[in-house]
Amino acid sequence: IISVREEEEENGSGQRDDVLYVERSRQYRWRCAEVTFACSDEAVCQHWVNNIRELLATNTSRPKHLLVYINPYGGKRQGKRIYEQKVAPLFTLAGISTSVIVTEYANHARDHLRTAAELEKFDGVVCVGGDGMFSEIIHGLIWRTQIDCGVDPNCPEEALSPCSLRIGIIPAGSTDCICFATVGTNDPVTSALHIIVGDSQALDVSSVHHNNMFLRYSVSLLGYGFYGDVLTDSERKRWMGPARYDFSGLKMFLTHHCYEGTVSYLPAGGIIGTPRDATKCRSGCVICQHNGQLLSERTEKYEMDEWRTIRGKFLAINAASMSCACPRSPKGLSPAAHLADGTIDLILVRKCSRFNFLRHLLRHTSKDDQFDLTFIEVHRVRRFRFTPRHCQSDSDLELDLQENGKRQIFSQICKDHPACGCAPAYSSWNCDGEILTHTAIDVRVHCQLIKLFARGIEELPVFEDLTNPCAI
Ligand SMILES: CCCCCCCCCCCCC/C=C/[C@@H](O)[C@H](COP(=O)(O)O)NC(=O)CCCCCCCCCCCCCCC
Ligand SMILES: Nc1ncnc2c1ncn2[C@@H]1O[C@H](COP(=O)(O)OP(=O)(O)O)[C@@H](O)[C@H]1O
Ligand SMILES: [Ca+2]
């Protein structure tokens with residue numbers, strides 16, 4: 001139930017109650033529906049209304065005051081309109097009060113959250129925008145929480161304090177994969193209803209460091225090579241809107257650059273689940289519950305796991321903290337990844353032909369397994385490091401020089417003179433849609449650090465039969 005309102009019958013014969021409630025619709029969408037109860041005895045009617053209101057008021061998981069940030073420039077620049085027309089009226093109906101901030105510049109929301117007075121008077125934060133805007137919000141919120149709890153947010157070894165404020169995402173960006181992968185659809189009304197009913201979904205957050213210096217947090221995709229290059233190229237084409245990713249995607253597919261480097265990772269031992277599982281992370285996921293519990297009890301256990309190292313030439317290195325499902329790929333980059341199990345799926349795409357890379361890409365859009373190819377490796381990890389070949393340690397470099405002295409010198413020349421048309425030595429990291437300033441990184445997962453107003457994707461009934469209320 002969203003809310004209830006009473007009305008006098010027009011002919012004065014008793015009273016009517018209109019109950020607004022959530023109705024499930026196709027493809028994980030939710031809608032606001034209305035049912036009217038009438039009674040000739042006004043006292044009985046009033047009793048119904050009071051009871052429902054009391055029940056709603058005592059429900060502590062439902063938010064009453066929300067802090068809303070709108071990015072007016074995300075996606076198709078419709079954030080403000082979407083919020084005002086589709087979301088605000090529902091919040092009003094549900095009796096939720098809001099403080100709304102329309103951002104004026106990049107990082108406005110992040111900086112505001114870091115310093116906002118009386119943050120504790122809110123029950124949650126709402127982000128109207130895309131993955132980049134969501135990233136701003138978590139950077140503000142996580143930083144603020146650590147300072148308030150006396151934890152050093154810059155130290156890579158610190159156990160971070162979980163954030164108590166939940167975050168709601170109203171999708172108004174270009175990819176919106178965090179919304180899609182936690183709700184099942186990118187629909188502002190559905191997201192608003194998940195906020196109103198007070199849903200809660202924990203989410204893992206990865207911290208990214210360079211030489212013990214904090215760079216950023218990530219919740220969806222950390223991608224080097226292909227996805228890094230697509231993002232770098234697409235930023236110059238923001239005027240194209242969300243289509244910029246398809247354009248740059250095709251361009252970088254044709255460019256076909258591969259990058260050399262070393263990946264080392266700490267496998268996620270002792271947990272259940274693998275990246276090749278057929279079971280997916282769904283509402284109330286038992287794997288997330290089990291692994292989350294395990295991690296909170298035995299932190300020293302996985303300290304004993306051994307680091308493994310892989311050197312090679314890669315078209316892409318993708319670290320998916322969640323499935324990264326989005327409208328472009330409804331099953332996502334790592335279909336069996338979990339939202340809150342404390343692990344990342346590390347996907348290595350080794351150098352291969354354009355034809356083979358296309359086969360891999362196309363499988364993101366069909367039911368075929370994108371990992372079932374000889375040049376793909378996937379590992380479930382808790383921590384990983386990456387070093388591009390050209391900034392390895394001196395001893396590594398000496399080894400490389402002995403191996404291939406001439407190439408080393410030539411690639412340096414190429415880096416200084418990019419016009420020579422030779423392949424670049426470095427890509428960049430795409431961190432939830434933002435470019436990282438460093439290529440050598442150390443990544444660590446913080447299990448269930450934040451919470452969303454969502455419940456994970458719901459298991460669909462075998463037949464999505466909307467005429468049968470029992471089936472939904
Ligand atoms: C040929 C079809 C290939 C389809 C492959 C699709 C895989 C898509 C997986 C996308 C994972 C996205 C993970 C999320 C990233 C976002 O954080 C991030 C920021 O989002 P925001 O703008 O909302 O703030 N978004 C992105 O980095 C965008 C990545 C989009 C990649 C699109 C790639 C398209 C590839 C097209 C290849 C075309 C080859 C055609 C050859 C004939
Ligand atoms: N008022 C603003 N002006 C310009 N940029 C902004 C503003 N508010 C937020 N941003 C930035 O816009 C970028 C893209 O936002 P996002 O909502 O993710 O849209 P998209 O999905 O289209 O990339 C983010 O990096 C965010 O920091
Ligand atoms: Ca995870």
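Being a predicted model, the structure only gives us computed values, none of them experimental. (Residues numbered from 1 in each chain as written. Chains lettered and ligands numbered in written order. Predicted model: local features only at pLDDT ≥ 70, side-chain atom pairs only at ≥ 80, totals over all residues. Heavy atoms only, no water.)

Let us look at the overall build of the chain. When you go through the chain residue by residue, the secondary structure sums to eleven helices and 17 strands. Taking all 472 residues of the chain together, 52% fall into the buried category. Of the contacts formed within the chain by residues at least 6 apart in sequence, a portion of 76% connects residues at least 24 apart. Accessible area for the chain stands at about 21900 Å²; split by element, carbon and sulfur atoms hold 53% of it. (Helix = DSSP H or I, 4+ residues; strand = E, 2+ residues; numbered from the N terminus. Buried < 20%, exposed > 50% of the residue type's maximum accessible area, 1.4 Å probe, protein only. Contact = heavy atoms within 4.5 Å. Areas by Shrake-Rupley, 256 points an atom, 1.4 Å probe, with all protein chains shown as cover.)

This part is about the side chain of Arg62. Within the secondary structure, Arg62 sits in the loop between helix H1 (42-58) and strand E4 (65-70). Comment: no salt bridge for buried Arg62; closest opposite-charge side chain is Asp199, at 8.7 Å. (Lys, Arg positive; Asp, Glu negative; His and termini not counted. Salt bridge = Lys/Arg side-chain N within 4 Å of Asp/Glu carboxyl O.)

When the UniProt feature table is mapped to this numbering, "domain: DAGKc" (unreviewed entry) covers residues 61-212. End-to-end, the C-alpha atoms of residues 61-212 are 38 Å apart, and along that stretch the chain is 38% helix and 22% strand. (UniProt positions renumbered as here; feature names shortened; annotations may be inferred.)

Time to look at helix H10 (residues 354-362). Among all positions of H10, only Phe357, His360 and Leu361 are buried. Viewed along the axis of H10, the buried residues span an arc of 100°, placing them on a single side of the element. In the core, the buried residues of H10 are packed alongside helix H7 (226-235), helix H8 (244-255), strand E12 (308-320), strand E13 (344-350) and strand E14 (376-388). (Arc of directions from axis to C-beta.)

The environment of ligand 2 is formed by 20 residues, the closest being Gly75, Thr103, Gly130, Glu136 and Ser174. Contact distances for ligand 2 include 2.7 Å between an oxygen atom and a backbone N or O atom of Gly130. Side-chain polar atom of Ser174 to an oxygen atom of ligand 2: 2.5 Å apart, as the coordinates give it. Considering every element that reaches the shell around ligand 2, the biggest residue donor is helix H4 (residues 131-149), with four residues. Taken together, the residues that form the shell around ligand 2 break down as five nonpolar, nine polar and six charged. There are two domains that each give the shell around ligand 2 at least three residues, and those are domain 2 (62-200 + 453-471) and domain 3 (215-296 + 307-396 + 424-445). (Near = heavy atom within 4 Å. Polar contact = N/O pair within 3.5 Å; in protein donor to acceptor, adjacent residues only side chain to side chain. Nonpolar A, V, L, I, M, F, W, Y, C, P; charged D, E, K, R; others polar. Domains from an automatic or database assignment.)

Strand order across the open sheet formed by three strands is E1-E2-E3, with antiparallel pairing between neighbours. Strands at the two margins of the open sheet, each flanked by one partner only, are strand E1 (3-8) and strand E3 (30-39). Strand-to-strand twist of the sheet, defined as the mean angle between neighbouring strand axes without regard to direction, takes the value 25°. Alignment of E1 against strand E2 (residues 15-24), held across six bridges, turns out to be antiparallel. Note that in E2 the partner of Val4 across the bridge is Val19. Here H1 sits on the sheet and contacts E1, E2 and E3; the angle it forms with E1, its principal contact strand, is near 160°. (Pairing = 2+ DSSP bridges. Axes fitted to C-alpha atoms, helices over the stretch in contact; angles between N-to-C directions.)

All right, on to the packing of helix H2 (residues 79-93) against helix H6 (residues 188-196) then. Close contact between H2 and H6 brings their axes to 10 Å; oriented N to C, the two are set at 30°. In this view, H2 runs roughly parallel relative to H6, as classed from their interaxial angle. When you trace H2 past H6, the crossing you get is right-handed. Here Ile82, Lys86, Val87, Leu90 and Phe91 of H2 come into contact with H6, specifically with Pro188, Val189, Ala192, Leu193, Ile195 and Ile196. Residues that form the contact of H2 with H6 fall into these classes: ten nonpolar, no polar and one charged. (Parallel < 35°, antiparallel > 145°, perpendicular 65-115°, else oblique. Left-handed = near helix turned anticlockwise from the far one by under 90°.)

Segmenting the chain into domains produces domain 1 (1-59), domain 2 (62-200 + 453-471) and domain 3 (215-296 + 307-396 + 424-445). Taking only C-alpha atoms, the centre of domain 1 and the centre of domain 2 are 27 Å apart. The interface is formed by 18 residues belonging to domain 1 together with 22 residues belonging to domain 2. Interface area, domain 1 with domain 2, both sides summed: about 1800 Å², of which 55% is carbon and sulfur. It is Ile2, Tyr28 and Trp30 that lose the most area in domain 1 upon contact with domain 2, and together they represent 41% of the buried surface on that side. Between the two partners, domain 1 and domain 2, sit three salt bridges. (Buried area = accessible area lost by both parts, 1.4 Å probe.)

On to the site of ligand 1, then. Taken together, 27 residues are adjacent to ligand 1, and Asp131, Gly132, Thr175, Tyr245 and Asn430 come closest. Gly132 places a main-chain nitrogen or oxygen 3.0 Å from an oxygen atom of ligand 1. The separation between an oxygen atom of ligand 1 and a polar main-chain atom of Asp176 is 3.4 Å. Elements with a minimum of two residues in the shell around ligand 1: H4, H8 and H10. Per-element accounting of the shell around ligand 1 gives the leading share, five residues, to H8. A breakdown of the residues in the shell around ligand 1 according to their chemical character gives twelve nonpolar, ten polar and five charged. Shared between two domains, the shell around ligand 1 holds at least three residues of each, these being domain 2 (62-200 + 453-471) and domain 3 (215-296 + 307-396 + 424-445).

Moving on, we come to the pairing of E13. Counting buried positions along E13 gives six out of seven residues, so the element sits mostly inside the fold. Two strands pair when backbone bridges link them, and E12 and E13 are joined in this way by six bridges, in the antiparallel orientation. Each residue of the ladder has a partner; that of Ala319, found in E13, is Leu346. Across six bridges, E13 lies against E14 in antiparallel orientation. Pairing of Leu346 across the sheet is with His379, part of E14.

Turning our eyes to something else, we now look at the pairing of strand E8 (residues 201-210). The buried fraction of E8 is high, at ten of ten residues. The pairing of E8 with strand E9 (residues 213-218) spans five bridges and is classified as antiparallel. From the neighbouring strand, Ser207 faces E9, where its bridge partner is Tyr217.

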